[in-house]
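Inside the fold
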2 protein chains.
Amino acid sequence: MSQYWTDIVNKLDPYIPGEQPQDQQYVKLNTNENPYPPSAKAIQAIDSYKKDKLKLYPDPESTLLREALAFRFNLQKENIFVGNGSDEVLAHSFQAFFKQQKNLLFPDLSYSFYPVYCGLYEIESTTIPLNENFTINSADYNIDNGGIIIPNPNAPTSILMPLSDIEKICRESSSVVIIDEAYIDFGGETAIPLTKKYDNLLVIQTFSKSRSMAGLRLGYAVGHAALIDGLNRIKNSFNSYPVDSLAQVAAVASIKDEPYFQQSCQKIIQTRKKATEDLQKLGFTVLPSAANFIFVTHQTRGAQQLYAELKQAGVLVRYFNKPRIDNYLRITIGTDEEMQTLISTLHGLLT
Amino acid sequence: MSQYWTDIVNKLDPYIPGEQPQDQQYVKLNTNENPYPPSAKAIQAIDSYKKDKLKLYPDPESTLLREALAFRFNLQKENIFVGNGSDEVLAHSFQAFFKQQKNLLFPDLSYSFYPVYCGLYEIESTTIPLNENFTINSADYNIDNGGIIIPNPNAPTSILMPLSDIEKICRESSSVVIIDEAYIDFGGETAIPLTKKYDNLLVIQTFSKSRSMAGLRLGYAVGHAALIDGLNRIKNSFNSYPVDSLAQVAAVASIKDEPYFQQSCQKIIQTRKKATEDLQKLGFTVLPSAANFIFVTHQTRGAQQLYAELKQAGVLVRYFNKPRIDNYLRITIGTDEEMQTLISTLHGLLT
């Protein structure tokens, strides 16, 4: 508290990212980072960039990057907005579209940054409960609203919603629908093609997960040019140059390296399959995942205790002390070796 | 306009950065970039960073960078906030401190992003006219207010305000005073030591000008821990990881290379002195500058016409079509060679 803070600052309940303890080396399966490095071509692009040019401002429009993304998705660059990580893109989107007379809708269990953005921009919201099995019932969103945002696959549940349900929600809503596809490349089908049909649909993706570039901060939104124009008006009233020069060249190179992208996503999917089977053998229920993490609960051992015991043993996973999911662990898919360490550690703890 | 935009987006009047035309090679003296490269040590830090680690999120707290800045300014890291360029730091500051019952005050001629931030966060403001000679009268700010922000040196005028005047404003104000020191290293004295005495003073600086790192996007705020805490609450409700990993290591290396920093600032100051004399000989009035740019007007030739003629001849400067300054040009200090090109081009145009 400070006399100098605005009311908003006083009322905020900021987001808390996954812990990054420095006290020992952990097998780090708690922040959904990719265990594989970025494309060698992205690294090459950074290495060969003439660093003297860093004295100049970056391209404020990120033109080459938007063109590369547009080409990949068979759209125009006017359909693409890029920002300093998808969290920034989400923040701008909340301010650009969701401060309405009617309430914003999102699932009661989803990305815990959404209610924080609502606090930051004084947006009223209503949370829609997931079904008992943690799936989303699209019909629940067919109510009066000032906007809808849904992660697909959902986090922390990892469960994918069918594209037909997303289309239904877009068709029935008269406000903006955002599909937050941070994890879509690990087994889902993107809603981006639907943006050609629905001018109220905005799809947000990130370079932090499937492209292994969390350290460079890059995210983007795809949608009708009028939605992108709205985001640009916010961005140009906040920070003219959100994406730095090295991130721009690395991102373009990553986009152009489709084989590596496909290969590393497939590797995660294979490892997820194996880890799921191994965990089931240890008595875990594993929700069907289309993400680079799994959401698991054990038939006898409590999640909070397991989280602490795993941390003690050098394996970090994520635990949320929240109603309905307080007996679940969210576990990032690492390398095969990292998952083997997890499994053998759990084996020791459980038997 | 779009039916999907919020009222704020509809009402926004976004900032327009200096033009970056791609049609030909210009001598580019329009966006106050530094003509010299970043410190070789900063470039080395990027080159030697193990790029595989870019798969991991950056340190969300930018701890090493905040420690390096704290050490340089003889403060604690709790007194330092870093962001994705000083524009982001400014934006967060407006939201954290300036949305108050009373109006924010800033000079009628200053950084043209300030009124844009006011639009973005619905902050009411009052502009205080500069004196006839473009200096700031500190007594004018001793009125009821919800905050004060002043660039020092001011932009686009380039004129420095004495530290004693800043101290007077801090002492007399019961709200937050921000001194925006983007250009302070080119001949001014920073107000940072005053932050130990005045808990309502926040000083904002950037790596984009004196440290030649505009392409990496880095800015910071210095002040009492309670002000920094307020900024952190905003940042952690907007984007947990605003500063990427490469920018963090490069910035630390830049801060530690004090000799290069001093040397490149001195070079700009020398070039500014020479350019000022040369322009005076050509009939220009040059305001006394403590920045890496000068603000000039010609005794007979109109500024708008000169701007267009210079652009035609391949030299870009900045022209603002605004009352009181519509007969002035803002000219960035480039290398000696670039300034010589400017002078000889002007010589050709004027004689």
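Residues numbered from 1 in each chain as written. Chains lettered and ligands numbered in written order. Predicted model: local features only at pLDDT ≥ 70, side-chain atom pairs only at ≥ 80, totals over all residues. Heavy atoms only, no water.

Focus: the side chain of Ser 212 of chain B
Basically, it comes down to this: Here a helix means four or more residues in a row that DSSP labels H or I, a strand means two or more in a row labelled E, and each is numbered from the N terminus. Contacts are residue-level and defined by heavy atoms, with any inter-residue pair within 4.5 Å sufficient.
Among the structural elements, Ser 212 of chain B can be located in the loop between β7 (201–206) and β8 (219–223). Those residues in contact with Ser 212 of chain B, other than ones at most four positions away along the chain, are Leu 54 and Lys 55 of chain A together with Asn 34, Tyr 36, Pro 37, Pro 38 and Phe 207 of chain B.

Things to note about the interface of chain A and chain B
Going by this rule: When two parts are put together, the accessible area they lose, computed with a 1.4 Å probe and summed over both, is reported as buried area. A pair is scored as a salt bridge if a Lys or Arg side-chain nitrogen falls within 4 Å of a carboxyl oxygen belonging to Asp or Glu.
Taken together, the contact pairs 76 residues of chain A with 76 residues of chain B. Buried area between chain A and chain B, both sides added, is near 6,600 Å², and the carbon and sulfur share of it is 56%. Considering only the side of chain A, the residues that lose the most area to chain B are Tyr 4, Tyr 57 and Phe 238 of chain A, jointly responsible for 13% of the buried surface there. Here chain A and chain B share 2 salt bridges between them.

Section: the relation of the copies chain A and chain B
The condition is simple: Residues reaching a pLDDT of at least 70 in both copies supply the C-alpha atoms on which the copies are superposed by least squares.
Each copy of the sequence occupies a distinct position, and chain A is placed on chain B by a rotation of 180° and an axial shift of 0.0 Å, giving an RMSD of 0.0 Å. Expressed as an axis order, the relation between the two copies is that of a two-fold axis. Closest approach to the rotation axis within chain A is made by the C-alpha atom of Asp 47 of chain A, at a distance of 3.2 Å. Here 100% of the interface residues in chain A have copies in chain B that are interface residues too; the copies meet face to matching face.

Concerning the nonpolar core
This is how it is decided: Only buried Ala, Val, Leu, Ile, Met, Phe, Trp, Tyr and Cys residues count toward a nonpolar core, and they belong to the same one when joined by side-chain atoms within 4.5 Å. Relative accessibility thresholds used throughout: buried, under 20% of the residue-type maximum; exposed, over 50%; partly exposed, between the two (1.4 Å probe, protein chains only).
Counting residues in each nonpolar core, the largest one holds 108 residues, and the members touching the most others are Leu 69, Leu 201 and Phe 207 of chain A together with Leu 69, Leu 201 and Phe 207 of chain B. The residues contacting Leu 69 of chain B, other than those within four sequence positions of it, are Ile 80, Val 82, Phe 207, Tyr 220 and Ile 255 of chain B. Counting 71 residues, the second-largest nonpolar core is a separate cluster that includes Val 9 and Phe 81 of chain A together with Leu 12 and Ile 123 of chain B.

Notes on the sheet that holds strand β10 (residues 293–298) of chain B
Residue and element names in this part refer to chain B. Stated precisely, the cut-off is as follows: When DSSP finds two or more bridges between two strands, those strands count as paired. Fitted lines through C-alpha atoms serve as axes, helices being fitted only where they are in contact, and the angles separating the N-to-C directions of these axes extend from 0 to 180 degrees.
The strand order β9-β10-β13-β12 describes an open sheet built from 4 strands, whose pairing is antiparallel. Across the chains shown, the open sheet's two edge strands, defined by having one partner strand only, are β9 (284–286) and β12 (318–319). Sheet analysis places β9 next to β10, joined by 3 bridges and oriented antiparallel. Counted as the bridge partner of Thr 285 is Thr 297 from β10. Running over the sheet, helix α11 (residues 336–350) touches β9, β10 and β13 (329–332) and is turned about 145° from β13.

Digging into the packing of aromatic side chains
Residues and elements named next belong to chain A. Stated precisely, the cut-off is as follows: Two aromatic rings from Phe, Tyr or Trp, using only the six-membered ring of Trp, form a pair when their centres are within 6.5 Å; if the ring planes differ by under 30 degrees the pair is stacked, by over 60 it is edge-to-face, and anything between is tilted. Whether a charge sits over a ring depends on NZ of Lys or CZ of Arg being within 6 Å of the ring centre and within 35 degrees of the ring normal.
Within the structure shown, the criterion is met by 35 aromatic pairs over all chains. Here Phe 113 and Tyr 117 contribute two aromatic rings whose centre-to-centre distance is 4.4 Å and whose plane-to-plane angle is 10°, an arrangement assigned as stacked. The class for Phe 113 is buried, based on a relative accessible area of 0%. One aromatic cluster in this structure is built from Tyr 15, Phe 94, Phe 98, Phe 106, Tyr 111, Phe 113, Tyr 114 and Tyr 117. Its guanidinium or amino end placed over the ring of Phe 293, Arg 330 lies 5.7 Å from that ring's centre, counting from NZ or CZ.

Notes on the domain arrangement of chain A
All names here are of chain A. Our working definition: Here the limits of each domain have been adopted from an automatic or database domain assignment. Identification of polar contacts relies on pairs of N or O atoms within 3.5 Å, with a donor-acceptor requirement for protein atoms, meaning one able to donate a hydrogen and the other able to accept it, and with residues adjacent in sequence counted only if both atoms are side-chain atoms.
Split by domain assignment, chain A resolves into domain 1 (7–37 + 259–350) and domain 2 (40–257). For the pair domain 1 and domain 2, the summed buried surface comes to about 2,800 Å²; carbon and sulfur atoms form 62% of the total. The largest per-residue losses of area from domain 1 upon contact with domain 2 belong to Tyr 15, Phe 261 and Arg 324, which jointly make up 26% of the total buried on that side. In this assembly, domain 1 and domain 2 are joined by 1 salt bridge. In this structure, Arg 324 engages Asp 108 in a salt bridge whose closest nitrogen and oxygen atoms are separated by 2.8 Å. The interface formed by domain 1 and domain 2 includes 12 residue pairs in polar contact (both at pLDDT 80 or more). Looking at the side of domain 1 that touches domain 2, the elements that each hand over two or more residues are α1 (7–11), α9 (258–281) and β10 (293–298).

Some remarks on the pairing of strand β4 (residues 125–128) of chain B
Remember that side chains alternate between the two faces of the sheet whenever the strand is regular. Residue and element names in this part refer to chain B. Condition: By definition, the crossover connecting two strands over a helix is right-handed if that path, from the first strand to the second, turns clockwise as seen with the strands pointing away from the viewer.
In terms of strand pairing, strand β3 (residues 104–107) meets β4 through 4 bridges, oriented parallel. Bridge assignment links Phe 106 to a residue of β4, and that residue is Thr 127. One crossover worth recording links β3 to the parallel β4 by way of helix α5 (residues 114–121), and it is right-handed.

Points about the confidence of the model for chain A
Interpretation of the predicted coordinates at a detailed level should be avoided for regions scoring low in pLDDT. What counts here: Residue-level confidence of the predictor is what pLDDT reports, using numbers from 0 through 100.
Across chain A, pLDDT averages 96, with 99% of residues at or above 70. Overall fold confidence (pTM) sits at 0.96, and the ipTM for the predicted complex is 0.96.

Side note on the pattern of salt bridges
By the definition in use, this model includes 29 salt bridges over all chains. Ionic pairing is found between Asp 47 of chain A and Lys 51 of chain B, a salt bridge with its closest N-O pair at 3.1 Å. Of this pair, Asp 47 of chain A sits in helix α2 (residues 40–48) while Lys 51 of chain B is found in the loop between α2 (40–48) and α3 (63–72), placing the two residues in two different chains. By relative accessible area, Lys 51 of chain B is classed as buried at 5%.

Side note on the environment of Glu 67 of chain A
Checked against the element boundaries, Glu 67 of chain A lands in helix α3 (residues 63–73). In this structure, the C-alpha to C-alpha distance between Glu 67 of chain A and Leu 105 of chain A, residues 38 residues apart in sequence, is 32 Å.

Remarks on α11 of chain B
Under the convention used in this document: A helix is expected to reach a length of 1.5 Å times the quantity of its residues less one.
Spanning 15 residues, α11 of chain B covers 21 Å between terminal C-alpha atoms, matching the ideal 21 Å at 1.5 Å per step. Contacts from the buried residues of α11 of chain B go to α9 (258–281), β9, β10, α10 (303–312), β11 (315–316) and β13 of chain B.

Considerations on the packing of α9 of chain A against helix α11 (residues 336–350) of chain A
Think of two packed helices as two axes; the pair is described by the angle between the axes and how far apart they sit. All names here are of chain A. Worth spelling out the cut-off: By the definition adopted for this analysis, an angle is roughly parallel if under 35 degrees, roughly antiparallel if over 145, roughly perpendicular if from 65 to 115, and oblique otherwise. Amino acids outside the nonpolar list (Ala, Val, Leu, Ile, Met, Phe, Trp, Tyr, Cys, Pro) and the charged list (Asp, Glu, Lys, Arg) are all regarded as polar, and Gly is one of them.
Here α9 crosses α11 at 10°, and the two axes come no closer than 10 Å. Between α9 and α11, the angle falls in the class roughly parallel. In contact with Lys 267, Thr 271, Lys 274, Ala 275, Asp 278 and Leu 279 of α9, α11 contributes Asp 336, Met 339, Gln 340, Ile 343 and Leu 346. For the contact of α9 with α11, a count of residues per class yields 5 nonpolar, 2 polar and 4 charged.

So, the environment of Pro 129 of chain B
Following the sequence through the fold, Pro 129 of chain B ends up in the loop between β4 and β5 (147–151). Discounting residues that sit within four places of it in the chain, Pro 129 of chain B has contacts with Asp 108, Asp 140 and Arg 324 of chain B.

With respect to the environment of Ala 191 of chain A
All names here are of chain A. Within the secondary structure, Ala 191 sits in the loop between β6 (177–180) and β7 (201–206). Note on Ala 191: relative accessible area 0%, which makes it buried. Placed 43 residues apart in sequence, Ala 191 and Ile 148 show a C-alpha to C-alpha distance of 15 Å.

As for unusual backbone geometry
In this structure, Pro 156 of chain A follows Ala 155 of chain A across a cis peptide bond, with omega equal to 5°. Tracing the backbone shows Pro 156 of chain A in the loop between β5 (147–151) and α6 (163–172). Across the junction of Asn 152 of chain B and Pro 153 of chain B, the peptide omega takes the value -5°, indicating a cis bond. Inspection of the secondary structure assignment puts Pro 153 of chain B in the loop between β5 and α6 (163–172). Phi is positive for Ser 212 of chain A, close to 55°, though the residue is something other than glycine.

A word on the sheet that holds β7 of chain B
Residues and elements named next belong to chain B. If you walk across this open sheet you meet the 7 strands as β2-β8-β7-β6-β5-β3-β4, and the pairing is mixed. The sheet is open, and its two borders are formed by β2 (80–83) and β4, each paired with just one other strand. Neighbouring strand axes in the sheet, compared pairwise and without regard to direction, differ in orientation by 20° on average. Each of β2, β3, β5, β6 (177–180), β7 and β8 is contacted by helix α4 (residues 86–98), which is oriented at about 160° to β7, the strand it contacts most.

Here's the deal with α10 of chain B
All names here are of chain B. Going by this rule: What the arc measures is the spread of directions leading from the helix axis to the C-beta atoms.
Looking only at α10, the buried set comprises Ala 303, Leu 306, Tyr 307 and Leu 310. The buried residues of α10 occupy one face: seen down the axis, they fall within an arc of 105°. Buried residues along α10 sit against β9, β10, β11, β12, β13 and α11. Following α10 by one or two positions, Gly 314 adopts a phi angle in the positive range, close to 95°.

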